[in-house]
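Descriptive analysis of the structure
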Amino acid sequence: MTDYPDVLHRAAPGSAQNWQQRYESSLMGVFGTPADLLVSGRGCWVTDSQGRELLDMLGGIAVNALGHAHPALTAGLTEQLQRMGHISNLFTSVPQMRLAEMLLAAAQAPEGSSVFFANSGSEANEAALKAVLRHRRSTGKTRILALEGGFHGRTSGALSLTHKPAFREPFGDLIPGVEFLPVNDGEALERAFVADDVAGLFLEPIQGEAGVKPLQRDYLLAARELTRGSGALLVLDEVQTGIGRTGEWFRFQGVQRGVTGASGGSADGEAADLTPDLMTLAKGLGSGFPIGALVAFGAQHSALLGAGQHGSTFGGNPLAAVAGQITLETIEKEGLLPHVHQVGSRIAEGLRSMDAVSDVRQYGLHIGIDLDPEAFSSQTPAKAVVVQAREHHGLILNATGDHTLRLAPPLILTAEEADLFLNRFQNSCKDLAS
Ligand SMILES: *Cc1c(COP(=O)(O)O)cnc(C)c1O
């Protein structure tokens with residue numbers, strides 16, 4: 001590396017100075033100015049350009065399933081890159097087939113099911129939307145349903161399904177025919193299916209960007225029944241909830257088993273069927289390497305997108321596929337699914353004992369926290385706590401609203417790190433108490 005000019009060094013000494021100014025004069029302003037400049041990470045910890053070590057309770061927004069610089073991922077990606085990194089989808093690789101097989105097995109998908117690989121959650125949803133558009137065309141059904149509060153991505157198609165008007169309205173007309181239903185309103189859902197003209201329904205089983213807001217089990221099961229009964233496709237967006245985040249491979253499996261947030265992974269409902277027609281994945285799938293996937297359940301749904309009807313240059317290339325393969329293998333090998341339930345429950349229990357916290361929604365390590373505004377001097381305590389925690393307590397948190405925080409740490413978070421988080425979080429809240 002010493003032959004490269006200084007500008008190519010990832011953490012060149014000079015790059016940490018005036019980085020805000022440097023960022024603003026070179027990067028598009030869509031994210032605002034970032035909170036910090038990070039230079040390295042290990043496990044659940046990251047180091048910033050001032051040498052501060054921060055406990056990462058956001059995990060790259062539910063992405064770094066195996067934390068930072070996991071030795072299995074580092075070794076596997078290095079080896080694959082030395083062998084071959086990219087080959088196009090005119091060819092296949094063993095890792096690509098292996099990852100598809102592993103996903104179908106984890107999803108307990110029936111014979112004839114199949115996977116399409118993309119590079120992000122938005123792209124996975126684009127593929128699902130195109131499958132729904134094919135179905136819409138062949139059936140003559142006209143409507144596509146999504147939910148208020150739902151988030152499916154930022155590309156034009158995925159954005160058409162994303163509810164938040166502030167995200168959609170600046171762009172005018174997007175994909176026509178999309179309607180938004182109120183969350184957990186069973187009557188509105190039933191009414192939407194009366195005319196039998198729905199082509200597809202998109203749902204997140206737990207709404208992530210909305211602040212970890214679960215859809216009720218009865219609501220999800222009704223959605224499955226109504227879509228099946230009227231020939232509409234049920235698309236589950238598990239981009240955030242999938243790949244072990246909630247202590248199951250996929251959240252729909254927890255709902256099937258009757259696992260509620262409070263039950264620490266044990267089932268307390270009767271088993272039911274929530275098998276989707278289409279499921280989208282991304283975020284945790286590559287533990288930081290960009291990859292997305294659409295899983296089509298059964299031969300009929302696999303056939304919705306035929307030869308030449310969809311594609312991707314990068315999708316499922318050997319590097320991305322190896323990242324996915326190692327993520328799934330490591331979750332299995334390290335027993336992370338039960339671990340996620342345990343450590344998540346421990347965090348929820350600690351949070352529920354704090355005066356500043358008014359509500360905790362915990363599904364494995366997918367955790368939403370509502371702060372009690374009365375307990376704080378700030379009108380927007382969530383944002384204030386995020387800054388306080390980062391600047392004074394070595395903690396990375398994320399606010400999804402004025403009063404709501406989201407935790408999505410690496411699935412490898414230890415009980416000791418969970419306790420350290422609770423302690424640091426409590427101190428951050430105390431600093432800002434009213
Ligand atoms: C993050 C997210 C997306 C979008 O994924 P990108 O990789 O940012 O395109 C879609 N759906 C859900 C539920 C998400 O959480």
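Note that the structure is predicted; figures quoted are calculated from it, not measured.

Re the overall build of the chain
Secondary structure summary: the chain contains 15 helices and 17 strands in total. The C-alpha atoms of the chain give 22 Å as radius of gyration, which agrees with the globular expectation for 434 residues (22 Å, within 12%). Each principal axis of the C-alpha atoms in the chain carries an extent, and together these give about 60 × 55 × 45 Å. Within the chain, the fraction of its 434 residues that count as buried is 53%. Within the chain, counting contacts between residues at least 6 apart in sequence, those at least 24 apart form 69% of the total. Counting only carbon and sulfur atoms, one obtains 52% of the accessible surface of the chain, whose full area is about 19400 Å².

Here's the deal with the nonpolar core
Grouped together as the largest cluster of nonpolar side chains are 86 residues, with contacts concentrated most on Leu103, Phe250, Ile347, Leu351, Leu397, Phe421 and Phe425. Here this core spans two domains, and each of domain 1 (7-64 + 336-431) and domain 2 (74-333) adds at least three residues to it. Setting aside residues up to four positions removed in sequence, Leu351 forms contacts with Val357, Val360, Ile367, Ile369, Leu407, Phe421, Leu422 and Phe425. In this structure, Ala146, Phe180, Ala199 and Leu278 belong to the second largest nonpolar core, which totals 18 residues.

A closer look at the packing of aromatic side chains
Inspection of every chain in the model, using the stated rule, returns four aromatic pairs. Aromatic side chains Phe151 and Phe167 sit 6.0 Å apart centroid to centroid with 80° between the ring planes, which places their arrangement in the edge-to-face category. Here Phe167 lies in helix α7 (residues 165-168) and Phe151 lies in the loop between β5 (143-147) and α6 (156-161), a separation of 16 residues in the sequence. Judged by relative accessible area, which is 19%, Phe151 ranks as buried. Aromatic pair Phe252 and Phe297: ring centres 6.1 Å apart, planes at 85°, arrangement edge-to-face. A residue pair is termed long-range when its members are at least 10 positions apart, and Phe252 in helix α10 (residues 251-257) and Phe297 in the loop between β12 (292-296) and α11 (298-302) qualify at 45 residues. As far as the burial class goes, Phe252 and Phe297 line up, both buried. Linked through ring pairs, Phe250, Phe252 and Phe297 together constitute an aromatic cluster.

Looking at the environment of Ile243
Topologically, Ile243 is positioned in the loop between β10 (233-237) and α10. Classification of Ile243 as buried rests on a relative accessible area of 3%. Each C-alpha atom, one on Ile243 and one on Ala389, is 28 Å from the other, the two residues being 146 residues apart in sequence.

Here is what the cut-offs are and how they apply
Residues numbered from 1 in each chain as written. Predicted model: local features only at pLDDT ≥ 70, side-chain atom pairs only at ≥ 80, totals over all residues. Heavy atoms only, no water. Helix = DSSP H or I, 4+ residues; strand = E, 2+ residues; numbered from the N terminus. Rg over C-alpha atoms; globule rule 2.2 N^0.38 Å. Buried < 20%, exposed > 50% of the residue type's maximum accessible area, 1.4 Å probe, protein only. Contact = heavy atoms within 4.5 Å. Areas by Shrake-Rupley, 256 points an atom, 1.4 Å probe, with all protein chains shown as cover. Core = buried A, V, L, I, M, F, W, Y, C linked by side-chain atoms within 4.5 Å. Domains from an automatic or database assignment. Phe/Tyr/Trp six-rings, centres within 6.5 Å; stacked < 30°, edge-to-face > 60°.

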